[in-house]
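Chain residues, written in single-letter form:
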Amino acid sequence: MTVPTTGIDIPIAAYRALREACGWLRLASPTGVVLRALQLVGVDTLIDCHETLDQALID
């Protein structure tokens, strides 16, 4: 596993590590600037983003 070099690399590295361990990562309630940053770089297409914690845990 490579060491994350930027803030946006952290959730990507976590996603990859969890996927390798047969786990999953979902984001609950990313809003505002955070959600926009995820969308701009395409992370929202890699990691499921949900409006609420309940939705993230159910899907």
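Residues numbered from 1 in each chain as written. Predicted model: local features only at pLDDT ≥ 70, side-chain atom pairs only at ≥ 80, totals over all residues. Heavy atoms only, no water.

Draft legend 1. Molecular detail of the overall build of the protein chain. Along its length, the protein chain carries four helices and two strands. Along the protein chain, helices and strands appear, N-terminal first, in the series α-β-α-α-β-α. For a compact globule of 59 residues, the expected C-alpha radius of gyration is about 10 Å, and the protein chain comes in at 12 Å, within 12% of that figure. Counting only C-alpha atoms, the protein chain reaches 30 × 25 × 15 Å along its principal axes. Counting over 59 residues, the protein chain shows a buried share of 17%. Relative to all contacts within the protein chain whose residues are 6 or more apart in sequence, the contacts with residues 24 or more apart total 41%. Taken as a whole, the protein chain presents about 4400 Å² of accessible surface, with 59% of it coming from carbon and sulfur. On the protein chain, the mean spot of the 4 positive side-chain charges and the mean spot of the 7 negative ones are 6 Å from each other. (Helix = DSSP H or I, 4+ residues; strand = E, 2+ residues; numbered from the N terminus. Rg over C-alpha atoms; globule rule 2.2 N^0.38 Å. Buried < 20%, exposed > 50% of the residue type's maximum accessible area, 1.4 Å probe, protein only. Contact = heavy atoms within 4.5 Å. Areas by Shrake-Rupley, 256 points an atom, 1.4 Å probe, with all protein chains shown as cover. Lys, Arg positive; Asp, Glu negative; His and termini not counted. Charge placed at Lys NZ, Arg CZ, Asp CG, Glu CD.)

Draft legend 2. The arrangement of the environment of Leu 38 in detail. By secondary structure assignment, the location of Leu 38 is in helix H2 (residues 32–41). Residues Leu 38 and Cys 49 lie 11 residues apart in sequence; the distance between their C-alpha atoms is 9.3 Å. Excluding anything up to four places from it in sequence, Leu 38 contacts Ile 8, Leu 27, Pro 30, Val 43, Asp 44 and Cys 49.

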